[in-house]
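Listed below, chain by chain, are the residues.
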Amino acid sequence: MRNNAVVDYDDGGTMTTIELDTISKRYGETTAVDEISLQVSDGEFFTLVGPSGCGKTTTLRLIAGFESQTSGAIRFDGREMTGVPPEERGVGVVFQNYALFPHMTVAKNIAYGLRFTDPPGGVSVGDRVTELLELVDLPGMGDRDPEALSGGQQQRVALARALAPGPDLLLLDEPMSALDAQLREQLRVQIKQIQSELGITTVYVTHDQEEALSISDRVAVLNGGGVEQIATPQTIYREPQTPFVANFIGDNNLFTGTVEQVAAGTARVSVAQTVVHIGVSADHSLTTGDRVTFCIRPEQLQVQTQETTATNQLVASVVESEFLGETTRVHLTWKKQELRLRTTDPLAGEVTVTFAPEHAHIVTVN
Amino acid sequence: MSAGGSWVEKHLLTVCAIATTGLLVLLFFYPVSTVFVEAVRVDGAFSLSAFVEILTDEFYVGELASITGAGSLTAAIDALIQRAAAGFADPRMGVIGFTAYQAALSTLLSVAIGLPAAWILARFEFRGRKTIRSLTILPFVLPSIMVAVGFVATFGANGTLNRALGLVGLGPTNLLFTLHAIVIAHAFYNAPLIARITTAAWESVDARAIETARSLGASPWRAFYDVVFPQLKPAIVMGATLTFIFTFASFPIVLALGGYQLATIEVFIYRQLTNLNYTEAAALATIELVISLGLLYAYLRYEDAQRTLRRGIHTQPRRQLIPTAWSLKTVFTRISVAGYTVVALLVFVGPIASMIIASLTTSDGSFTLSHYQFLLERQTAGASFQVRPLPAIRNSLIFAVGTLAIALPMGVVVSILTTRQYRGRKVMDAIAMAPLAVSGIIVGLGLLRGLVFGVEIAGWRIAVAGSLAIVAAHAVSAYPFVTRNVTPGLASLDRTLIESARSLGATRVRTVIDIELPLVWTGVVAGAAFAFAISIGEFNSTIVLATGSGEYTMPVAIERYLGRRLGPATAMGCILLVVTALSFVIIERFGGDAEQRGGGL
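Note that the structure is predicted; figures quoted are calculated from it, not measured.

Turning to the overall build of chain B, a few remarks are in order. On a plain count of helices and strands, chain B comes out with 28 helices and six strands. Here chain B holds 601 residues, and the buried ones make up 44% of them. When contacts within chain B are restricted to residue pairs at least 6 apart in sequence, long-range pairs at least 24 apart make up 78% of them.

Dropping the structure here:
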């Protein structure tokens, strides 16, 4: 990746924030997007992540103007976008299947948007195409037919084409789903670099939670058309607000129990007739008798090889060990509940598992 | 960013939609509706008497007339009992019954000839396979009157069939003016259609589904019956239904090959028309249309129930026509293929070859150019009321160009409007495809009575010239073929291509011009060639509109010559063949891809 500052013509005057104000999209009986509200700030890399059918792609299409919401409002920089056709929204869109125009060369594809607007920075169309080809690491490829390129190359052309008119907003709809794993990681880094170099407000859609965590400034986890949680990747991972987020983002172990006693910063909870101690952050106030759901990440569960006096001991039996190389993912059962943990080497038989109270994160209380 | 284009650019699609709808109303729906109004108006008052007359007339409804014409329910039941007591002996079909009967026979024969062709085209690999596959669209560009001439030249007293039989000491036989000739000629037209549709379905059978059935214990025949056949069935039903509808309304072939003894509803509509008996013609046309539309509706219901999505299929590998190893089975299948090829050659090549031979031979079989000379003489010395060849050629070409100018934009606009997703799209689709279901005679009659004779709208008298009406009628019957060629391409275009262009600043109209049309261009060109060829060969509405005028075309000229002498008709037929072949070459050159995409008809 070259550091090509000349491409960025951001004059500092344009800034783009996006606001979705309780937007819904219904198709007949089905609700694809259910009262979603969120704000994306200028220059932010914002990701919509969720399982298929969660409404993430529909939300992106509403932002792009390919479809119009049933209710609610979308605002760019406070300007209402309802009824504004896609060609007047100033968004660059990159699709999963690249969507390059097969009857045009790479250069013509990149230059297509420049038929309707002058290249930013007052350069010629040819120069603009050249600098974008350099930006996406495809110098000299302008005369090729898109179909002669590899998937990764095609996707970079699609990115260059989307960026050519100097859009205020970049929308990426699962741009890497069609690529193999290794290429995906390379392109991920490249997209992130280009995005931060240009400082362009970006909305990214993916079903891959790992991708979402690695690339984003903030993440919105969607499920069933609604927002589960919006936060930074770290917060999403460490402090999931709903059981869905806890389960969807990374591996997790969820427990539900009854609060027996509350002390400063900790609580005693009975889970399946076993008493455990969990940390209580300032965000939650527990009282005795509350039903509490908390989670512990697999890497926070310790396997004890010797007798221990540690609190929170769970005696579980190993069901399966998956050797993944760097780590081993161990599936266990404890009191009819499935547990997962990470070790370096496969395990078998009965094991004692412990966790520190502060590693338990409270998800919900009621 | 972009300013989004001018007002015109933003609303061009709407303008085109309104213009197309307006044209359709003016050229099709209004004229056709005048025909139906005519059918229920007697002396200026509403009356169903024309229908009652037809439906109780034994001449039209045959045996049923004893029931429908009985006057009361009890009398009808009595009549029915009487007929039952007689064991329904010697039933008379009437014109409507005969029309359905010949259509049913034609459909059976078309299926019988079409299915083996589909089997060979779908399951064997051989040189020229793709060419033959694309030749199956030939019937749609072959003028039906020319095919009729070919069959006259084959089956007539001096026809090639009798000559061939004479060579081996058999015959003579006369098939002309028999049901056989009509049914075989209909098979000539429709068997390729059935072959085409079935081949496409066969090619989309997933080989892995068959392999799965085999691995679960099914024999090859059982796998065919359980996996392949259910997927072919909808295609066969579709082909058979279309064949029935087409042959039910068949006109030029029955007119030329059926003589006066064998006539379908369509032929009687034409006869009533030439006798200036408009009400009865209109009533007959209505009855015909109701039957055709009823069938079409039943079929569409069936199709809806059958619809399945097929994606990412692996097609079965084709067998080599000349096998690498011979066994009893491979020998048997190859003998079947060879036998079928002979039949196919006789049915499909025979008539065209007969026409060419007849145009170059005298009645005793020696070579002559006299038939072409006759055309030349007629051109130089013919009286003004006689049909001369050059005006026919000139008119045909002018009308074809005019048809292209109207049908091409109309067809493309309809394609664009019917591939977009919006409420009421299905209705739009049905309305736009309606001209396919209405016979050319009715369109011609409507245009003649409605626009050529003139109508008064708000005090203004509107009348169009006969030639304009002919172009209008041709355009109406041609544009659905443009649509059918363009729509599959447009429908299979990835919508993200269009969305990418939109987000890059292109208006809806610009995406049509920059992205959609260039990508479906082969379909557009093929559609244009279709429209051109349809116009060149159009007979039904032309003969209605050209009657008594100098606006005759090549097909009309052929029919006129055919009434007196076969020779000049075959010579004129050969000229028409050359012109049509040129359009077909264009379809072949540009339309190949469109077919690969599975272009509809």
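Anyway, onward from the coordinates.
Assigned secondary structure in chain A consists of eight helices and 20 strands. When its C-alpha atoms are laid out on the principal axes, chain A stretches across 75 × 45 × 40 Å. Of all 366 residues assigned to chain A, the portion counted as buried reaches 40%. Put simply, 66% of the contacts in chain A that link residues at least 6 apart link residues at least 24 apart.

Backbone hydrogen bonds hold the strands of a sheet together, and the pairing may be parallel or antiparallel. Residue and element names in this part refer to chain A. Strand order in the open sheet formed by five strands is β15-β19-β16-β17-β18, and the pairing between neighbours is antiparallel. The open sheet has two edge strands with one neighbour each: β15 (302–304) and β18 (337–343). Across this sheet, the average inter-strand angle for adjacent strands is 45°, counted without regard to direction. As paired strands, strand β16 (residues 313–323) and strand β19 (residues 350–354) are joined by five bridges and run antiparallel to one another. Looking at β19, one finds that S317 is bridged to E350.

Here the focus is the sheet that holds strand β1 (residues 18–27) of chain A. What the four strands build is an open sheet, ordered β2-β1-β4-β5 (chain A); its pairing is antiparallel. Both edges of this open sheet fall to β2 (30–40) and β5 (79–80) of chain A, since each of them pairs with a single strand only.

Residue-level contacts link 18 residues of chain B with 21 residues of chain A. Breaking the side of chain B that touches chain A down by element, the ones donating at least two residues are α23 (495–503) and α24 (508–519) of chain B. The leading source of residues in the side of chain B that touches chain A is α23(B), at seven residues. Tallied by class, residues from the side of chain B that touches chain A come to eight nonpolar, seven polar and three charged.

The subject of this paragraph is the environment of B:V141. Residue and element names in this part refer to chain B. Along the chain, V141 turns up in helix α8 (residues 138–141). Using a count of 19 C-beta atoms within 10 Å as the deciding quantity, one classes V141 as partly exposed. Sequence separation of V141 and L262 is 121 residues, and the distance between their C-alpha atoms is 26 Å.

Let us look at the domain arrangement of chain B. Residues and elements named next belong to chain B. According to the domain assignment, chain B contains domain 1 (1–20 + 369–438 + 467–595), domain 2 (42–92) and domain 3 (98–368). Across the contact, four residues belong to domain 2 and five residues belong to domain 3. Of the residues forming the side of domain 2 that touches domain 3, the biggest block, three residues, is contributed by helix α2 (residues 49–55). Among the residues forming the side of domain 2 that touches domain 3, the class breakdown is four nonpolar, no polar and no charged.

In this model helix α25 (residues 521–537) of chain B runs 24 Å from its N-terminal to its C-terminal C-alpha over 17 residues, within 8% of the 24 Å that 1.5 Å per residue would give. Along α25(B), 16 of the 17 residues are buried, which leaves the element largely enclosed by surrounding structure.

A few words on the UniProt feature "domain: ABC transporter" (unreviewed entry) in chain A. UniProt records the feature "domain: ABC transporter" (unreviewed entry) for residues 18–249 of chain A in the present numbering. Within the segment residues 18–249 of chain A, helix and strand shares are 33% and 26% respectively, and the terminal C-alpha atoms sit 25 Å apart.

Right, let's get into the domain arrangement of chain A. Residue and element names in this part refer to chain A. Per the domain assignment, the segments making up chain A are domain 1 (5–244) and domain 2 (251–365). Using C-alpha coordinates to define each centre, domain 1 is positioned 39 Å away from domain 2. Domain 1 puts six residues into the contact, and the matching count from domain 2 is six residues. Each residue belonging to the side of domain 1 that touches domain 2 can be placed in one class, and the counts come to two nonpolar, two polar and two charged.

So, about the environment of B:Y270. With respect to the helices, strands and loops of the structure, B:Y270 is situated in helix α15 (residues 265–274). Ignoring anything within four residues of it in the chain, the contact list for B:Y270 reads B:F251 and B:I441.

For the rest of this paragraph, the subject is the packing of helix α19 (residues 389–419) of chain B against helix α22 (residues 466–492) of chain B. Residues and elements named next belong to chain B. Between α19 and α22, the least distance of the axes is 6 Å, while the angle of their chain directions is 40°. Judged by the angle between their axes, α19 and α22 are oblique. The crossing of α19 and α22 is right-handed. Across the contact of α19 with α22, the residue classes tally to 17 nonpolar, nine polar and no charged.

Turning next to the pairing of β18(A). Residue and element names in this part refer to chain A. Here seven bridges tie strand β17 (residues 328–334) to β18, and the two strands are oriented antiparallel to one another. Paired with V330 across the strands is L341, a residue of β18. In sequence, β17 turns back onto β18 through a hairpin of two residues, with K335 there showing a positive phi of about 50°.

Mean pLDDT over chain A works out to 90, with 96% of the residues at or above the 70 mark. Contacts of residues 1–13 of chain A to residues separated by more than four positions or lying in other chains number 19 contacts, the stretch itself having pLDDT below 50.

So, about the nonpolar core. Of all hydrophobic cores here, the largest spans 152 residues; its most connected members are B:V482, B:A531 and B:I558. A total of 15 residues in this core trace back to one element, the largest contributor, which is helix α11 (residues 179–203) of chain B. Setting aside its immediate chain neighbours within four residues, B:I558 contacts B:I145, B:M146, B:V149, B:A569, B:M572, B:G573 and B:L576. In terms of nonpolar packing, the next biggest core, distinct from the first, is built from 100 residues, A:F76, A:A99, A:L170 and A:I230 among them.

This part takes up the confidence of the model for chain B. Residue and element names in this part refer to chain B. In this model, chain B carries an average pLDDT of 80, and 87% of its residues clear a pLDDT of 70 or more. Predicted confidence for residues 593–601 stays below pLDDT 50, and this span has 22 contacts to residues more than four positions away or in other chains. As scored by the predictor, the complex reaches a pTM of 0.78 and an ipTM of 0.83.

A few words on α23(B). Counting buried residues along α23(B), eight of its nine residues qualify, which places the element largely inside the surrounding structure. All buried positions along α23(B) are accounted for by B:T496, B:L497, B:I498, B:E499, B:S500, B:A501, B:R502 and B:S503. For α23(B), the secondary structure elements touched by its buried residues are α1 (56–64) and β6 (91–94) of chain A together with α24 of chain B. Remark: B:G505 follows α23(B) within two positions and exhibits a positive phi of approximately 115°.

This paragraph deals with the environment of A:T22. All names here are of chain A. Within the element layout of this structure, T22 appears in strand β1. In the structure, T22 is positioned 301 residues away from F323 in sequence and 45 Å away in space, judged by C-alpha atoms. With residues near it in sequence (within four places) discarded, T22 still touches E35, S37 and G72.

A separate point is the packing of helix α6 (residues 94–123) of chain B against helix α17 (residues 328–360) of chain B. Residues and elements named next belong to chain B. The interhelical angle for the contact between α6 and α17, taken along N-to-C directions, is 125°, at an axis separation of 11 Å. Comparing the axis directions of α6 and α17 gives the class oblique. For the element pair α6 and α17, the recorded crossing hand is left-handed. Of α17, the residues touching α6 (which contributes I113, P116, A117 and I120) are V337, Y340, V343, A344 and V347. Here the residues of the contact of α6 with α17 are counted per class, giving nine nonpolar, no polar and no charged.

About the cut-offs
Residues numbered from 1 in each chain as written. Chains lettered and ligands numbered in written order. Predicted model: local features only at pLDDT ≥ 70, side-chain atom pairs only at ≥ 80, totals over all residues. Helix = DSSP H or I, 4+ residues; strand = E, 2+ residues; numbered from the N terminus. Buried ≥ 20, exposed ≤ 12 C-beta atoms within 10 Å, placed from the backbone. Contact = placed C-beta atoms within 7 Å. Pairing = 2+ DSSP bridges. Axes fitted to C-alpha atoms, helices over the stretch in contact; angles between N-to-C directions. Nonpolar A, V, L, I, M, F, W, Y, C, P; charged D, E, K, R; others polar. Domains from an automatic or database assignment. Expected span 1.5 Å × (residues − 1). UniProt positions renumbered as here; feature names shortened; annotations may be inferred. Parallel < 35°, antiparallel > 145°, perpendicular 65-115°, else oblique. Left-handed = near helix turned anticlockwise from the far one by under 90°. pLDDT = per-residue confidence, 0-100. Core = buried A, V, L, I, M, F, W, Y, C linked by C-beta atoms within 7 Å.

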